[in-house]
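# Structural overview
Each chain is listed here by its residues.
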Protein chains: 2
Amino acid sequence: MSHKIELTVSGRLRKSPYYNSTLRYGASSFTVYNHMLMPTAYDSPEVDYWNLVNNVTLWDVGAERQVEISGNDAYKFVEYITCRDLSSIQIGQGKYALISDENGSIVNDPIILRLEEQRFWLSIADSDVLLWTRGLASGLGWDVKIHEPDASPLAIQGPNNLPLMNDLFGDWVSDLKYFFFRQTELNGIPLIVQRSGWSKQGGFELYLLDRTRGDDLWDMVMGAGKKYDIKPATPNNIERIESGLFSWGNDMDLTNNPLELPLTKFCNIDKSADYLSRKALKRIESSGIKNKVVGLIIDGKPFSGGCESTWNAFTDDTLCGKVTSAAYSPRIKSNIAFATLKSSLGDLGTVIQVETPWGYRSATVTNIPFL
Amino acid sequence: MSHKIELTVSGRLRKSPYYNSTLRYGASSFTVYNHMLMPTAYDSPEVDYWNLVNNVTLWDVGAERQVEISGNDAYKFVEYITCRDLSSIQIGQGKYALISDENGSIVNDPIILRLEEQRFWLSIADSDVLLWTRGLASGLGWDVKIHEPDASPLAIQGPNNLPLMNDLFGDWVSDLKYFFFRQTELNGIPLIVQRSGWSKQGGFELYLLDRTRGDDLWDMVMGAGKKYDIKPATPNNIERIESGLFSWGNDMDLTNNPLELPLTKFCNIDKSADYLSRKALKRIESSGIKNKVVGLIIDGKPFSGGCESTWNAFTDDTLCGKVTSAAYSPRIKSNIAFATLKSSLGDLGTVIQVETPWGYRSATVTNIPFL
């Protein structure tokens, strides 16, 4: 159930620095993400999937915007907005974190990059974190400056990413640890290179620091990638579900809190730094979560698409939750999904019913990630 | 220059309660607005334009989301986020207001509705005001609750709106003054009816208060509208420029402040209530604005589309601003536009050059609205 509709291009929908390149390379469909056009397909989802899983691909993820936080209270502020303990984050390191408010509501799930002692970027999913952090900082009256810098990620993803990265940047990139980054340049184009990316196929993100050079950077990577048969691609719904990567706006939003997600290693709710969600999360921890985000294996024929909207989940004919993302996995050879269910149904092996666009199907709660 | 691309429908892009109805009635293109799909065209822009200007039309503007602010500090908070004096706003009244922060940056330009003494809605343009206001309230520690209610506007716009509205609701709607509203129901469907809408052709917005009833409401209005030859339509880029209606994200954003816009009647910068932008706006007032939002009449052949991105503006071969919205007006029989220019160029009659997709054109600063 994946129909496509026509999108009216207008000024309000911002263009990534790579937009013209993606059109030139045949991007066939787009989404809007952080008020910016982002390609979602070149060939079919399956062909794009195998290019990513088997080789190396180049993605325009310029819509993954950055929110820069600097000033004397920058570190204190960044600790304040997440339940993740950031006390050990080094300059040049990134960490995944859930950003949440005084109710425990999840505002976004960025990678937090520490650029200087008191300068951070939040590399965000699709909500206006810029506005939330500016509102919060204004109300608190803390000494922070918050703005959106000129930084537009381009992702190199896939198992053959490293030889290409070595050709482009040299051997040092092989030593970058996961989520670590370094500022550099490529033929005069200023960049931050980070080992990162929204897949588990390995790769890097190049944060372009001069938006006028998007096409130049794209062409340089494509040129160097020719000998590795690089293909243009996009964040891939099938692969990211297999890999257990959640999508804010799909699998979580303001109605969820961090304790509902299988991400406890990122939730240090007793951390020593002061943070906004502490009271709410302690209260939720002691009363118990009402809902739980789980993986599902769904029976029956392969799905021919994903969730255009959430699908209702039932137990004994009673609504018990919703499926938020789904795909047929060609490697697992099953339909896989993320769902938010009543927490009593969150145990491994629990069987529920899901109302899919292709009829009711049985589904079994399973571990995340699937692969 | 108005090309269309394909949009991938996914769960993250929310569906309006009228979404299925708009597809059924032949919506041919969409945009994403407040993370929600919103139709932008049925027939050609010109046909949609004449239906609006000559008769009566029905628009899915469910993407115009509401931010509800309630609690003991609700009135104080709403005064705090705008330079407009709201001291006279009555229960049942709406007012257009620019929301701005401690730098004077414009966060959004909603209609503010007063539902109760201490309960307000912000009927917003395309930015996450929910997040900004929640962040701000959290930092301030004020006694307000902020959430997005189940309220989805459907607009009836066009000169023949009133007979249709009388048929649907009775005579009392004729007495509603501009931006005033009343809660009511239509065959059991709970609604707020407001004299409002994003055109100057006259009309109402019906705020559906039960999102499961979208198709029912759509069909009721379409059924009653048959005798008036009602047509489905959308916010119309040509008409809204003619009428001087700005679009946040196009004609203004965080880089603008209220004093740059020709909206001084909505800027009471010396109002008695405390507000966040006061210091910044007083400073800007005394030092003088750097930029000014103006109307332009642009020479040459009729434009065949609007701005897909901003167009650069020049004086003496030097960049002096940008055109943010443009259209050919069939009634004025000229190309018309909004632009942000250096304030020294903002006087009526000033001539500049604009780099359009169809070449360089001369343009003359003029009054807003155009009609």
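Residues numbered from 1 in each chain as written. Chains lettered and ligands numbered in written order. Predicted model: local features only at pLDDT ≥ 70, side-chain atom pairs only at ≥ 80, totals over all residues.

## Re the overall build of chain A
- Along its length, chain A carries eight helices and 22 strands.
- Whereas a compact globule of 371 residues would reach a radius of gyration of roughly 21 Å, chain A reaches 21 Å, a difference of no more than 12%.
- Residues classed as buried in chain A amount to 53% of the 371 residues present.
- Taking contacts inside chain A between residues at least 6 apart in sequence as the whole, the part at least 24 apart equals 66%. (Helix = DSSP H or I, 4+ residues; strand = E, 2+ residues; numbered from the N terminus. Rg over C-alpha atoms; globule rule 2.2 N^0.38 Å. Buried ≥ 20, exposed ≤ 12 C-beta atoms within 10 Å, placed from the backbone. Contact = placed C-beta atoms within 7 Å.)

## Examining unusual backbone geometry
All names here are of chain A.
- In this structure, the amide linkage connecting Ile-368 to the following residue, Pro-369, adopts the cis form with an omega of -5°.
- Its place among the elements puts Pro-369 in the segment after strand 22 (359–366).
- Even without a glycine there, the phi angle at His-35 is positive, about 60°.
- Structurally, His-35 can be placed in the loop between strand 2 (29–33) and strand 3 (36–41).
- Positioned with a positive phi, Asp-229 is a non-glycine residue whose angle comes to about 55°.
- Tracing the backbone through its elements, the reader meets Asp-229 in the loop between helix 6 (214–225) and strand 16 (231–233).

## A short note on the relation of the copies chain B and chain A
- Superposing chain B onto chain A takes a rotation of 180° plus a shift of 0.0 Å along the axis, which leaves an RMSD of 0.0 Å. These values place the two chain copies in the arrangement generated by a two-fold rotation axis.
- Of all interface residues in chain B, 100% are interface residues in chain A too; the two copies therefore contact each other through one and the same surface. (Least-squares fit on C-alpha atoms with pLDDT ≥ 70 in both.)

## Side note on the nonpolar core
- Core analysis: the biggest nonpolar cluster contains 222 residues, and Val78(A), Leu154(A), Val323(A), Val78(B), Leu154(B) and Val323(B) have the highest contact counts within it.
- Sequence-distant contacts of Val323(B), that is, excluding residues within four places in its chain, are made with Leu296(B), Cys307(B), Thr310(B), Trp311(B), Ala313(B), Ala337(B), Ala339(B) and Val354(B). (Core = buried A, V, L, I, M, F, W, Y, C linked by C-beta atoms within 7 Å.)

## Considerations on the interface of chain B and chain A
- On the chain A side, the residues contacting the 47 residues of chain B number 47 residues.
- Elements that contribute at least two residues to the side of chain B that touches chain A include exactly strand 1 (4–8), strand 2 (29–33), strand 3 (36–41), helix 4 (129–140) and strand 19 (318–329) of chain B.
- Tallying contributions element by element places helix 4 of chain B first for the side of chain B that touches chain A, with ten residues.
- Tallied by class, residues from the side of chain B that touches chain A come to 15 nonpolar, 22 polar and ten charged. (Nonpolar A, V, L, I, M, F, W, Y, C, P; charged D, E, K, R; others polar.)

## Describing the sheet that holds strand 10 (residues 119–123) of chain A
Residue and element names in this part refer to chain A.
- Strand order in this open sheet of five strands is 6-9-10-5-11, and the pairing throughout is antiparallel. One side of each edge strand has no neighbouring strand; the edge strands of this open sheet are strand 6 (94–96) and strand 11 (145–147). This sheet shows a mean twist of 20° between the axes of neighbouring strands, independent of strand direction.
- Bridging between strand 5 (residues 66–70) and strand 11 involves three bridges; their strand directions are antiparallel. Paired with Ile-69 across the bridge in strand 11 is Ile-146. (Pairing = 2+ DSSP bridges. Axes fitted to C-alpha atoms, helices over the stretch in contact; angles between N-to-C directions.)

## Focus: the environment of Cys267(A)
Residues and elements named next belong to chain A.
- One can find Cys-267 in the loop between helix 7 (237–242) and helix 8 (278–287).
- For Cys-267, a count of 22 C-beta atoms within 10 Å gives the class buried.
- For Cys-267, the residues in contact, after removing those within four places along its chain, are Cys-83, Arg-84, Pro-258 and Leu-259.

## Thoughts on the domain arrangement of chain A
All names here are of chain A.
- Assigned domains within chain A: domain 1 (19–65 + 150–240), domain 2 (66–147) and domain 3 (290–371).
- Between the C-alpha centres of domain 1 and domain 3 there is a distance of 31 Å.
- Taken together, the contact between domain 1 and domain 3 spans four residues of the former and four residues of the latter.
- At the level of elements, helix 2 (45–54) and helix 7 are the ones that each hand at least two residues to the side of domain 1 that touches domain 3.
- Residue composition of the side of domain 1 that touches domain 3, by class: two nonpolar, one polar and one charged. (Domains from an automatic or database assignment.)

## Considering the sheet that holds strand 6 (residues 94–96) of chain B
Residues and elements named next belong to chain B.
- Spatially, the five strands line up as an open sheet ordered 6-9-10-5-11, and their pairing is antiparallel. The sheet is open, and its two borders are formed by strand 6 and strand 11 (145–147), each paired with just one other strand. Ignoring which end each strand starts from, the neighbouring axes of this sheet average 20° apart.
- The pairing of strand 9 (residues 111–116) with strand 10 (residues 119–123) spans five bridges and is classified as antiparallel. Paired with Arg-114 across the bridge in strand 10 is Phe-120.

## What about the pairing of strand 10 of chain B?
Residue and element names in this part refer to chain B.
- Where burial is concerned, most of strand 10 is hidden: four out of the five residues are buried.
- Inspection of the sheet shows strand 5 (residues 66–70) paired to strand 10 by five bridges, in the antiparallel sense. Paired with Gln-66 across the strands is Ser-123, a residue of strand 10.
- The antiparallel pairing of strand 9 with strand 10 creates a hairpin that spans two residues between the two strands.

## A closer look at the packing of helix 5 (residues 161–169) of chain B against helix 6 (residues 214–225) of chain B
All names here are of chain B.
- Between helix 5 and helix 6, the shortest axis-to-axis distance is 10 Å and the interhelical angle comes to 120°. With respect to helix 6, the element helix 5 is oriented oblique. Seen along the crossing, helix 5 lies across helix 6 with a hand that is right-handed. Residue-level inspection shows Leu-164, Asp-167 and Leu-168 of helix 5 in contact with helix 6, the latter providing Val-221, Ala-224 and Gly-225.
- Here the contact of helix 5 with helix 6 is composed, by residue class, of four nonpolar, one polar and one charged. (Parallel < 35°, antiparallel > 145°, perpendicular 65-115°, else oblique. Left-handed = near helix turned anticlockwise from the far one by under 90°.)

## Section: the pairing of strand 12 (residues 152–157) of chain A
Residue and element names in this part refer to chain A.
- For strand 12, a buried count of six out of six residues is recorded, marking the element as mostly surrounded by other parts of the structure.
- Residues Ser-152, Leu-154 and Ile-156 point to one face of strand 12 and Pro-153, Ala-155 and Gln-157 to the other, with burial holding for every one of them.
- Relative to strand 12, strand 4 (residues 57–60) is paired through four bridges, and the arrangement is antiparallel. In the sheet register, Thr-57 faces strand 12, and the bridge partner there is Gln-157.
- Note: strand 12 against strand 15 (residues 203–208), six bridges, orientation antiparallel.

## Quick notes on the confidence of the model for chain A
- Summary statistics for chain A give a mean pLDDT of 97 and a share of 99% for residues scoring 70 or more.
- In the predicted complex, the global pTM is 0.97; the interface-specific ipTM is 0.97. (pLDDT = per-residue confidence, 0-100.)

## What about helix 4 (residues 129–140) of chain A?
All names here are of chain A.
- Taking 1.5 Å as the rise per residue, helix 4 with twelve residues should run 16 Å; its terminal C-alpha atoms sit 16 Å apart, in good agreement.
- A large share of helix 4 lies buried, amounting to twelve of its twelve residues.
- Where helix 4 is concerned, the buried positions are Val-129, Leu-130, Leu-131, Trp-132, Thr-133, Arg-134, Gly-135, Leu-136, Ala-137, Ser-138, Gly-139 and Leu-140.
- Just downstream of helix 4, Gly-141 is the residue with a positive phi angle, here 75°. (Expected span 1.5 Å × (residues − 1).)

## Focus on the environment of Gly139(A)
- Residue placement: Gly139(A) occurs in helix 4.
- Owing to 21 C-beta atoms within 10 Å, Gly139(A) belongs among the buried residues under this scheme.
- Leaving out residues up to four positions away in the same chain, Gly139(A) has contacts with Gly135(B), Leu136(B), Ala137(B), Ser138(B), Gly139(B) and Leu140(B).

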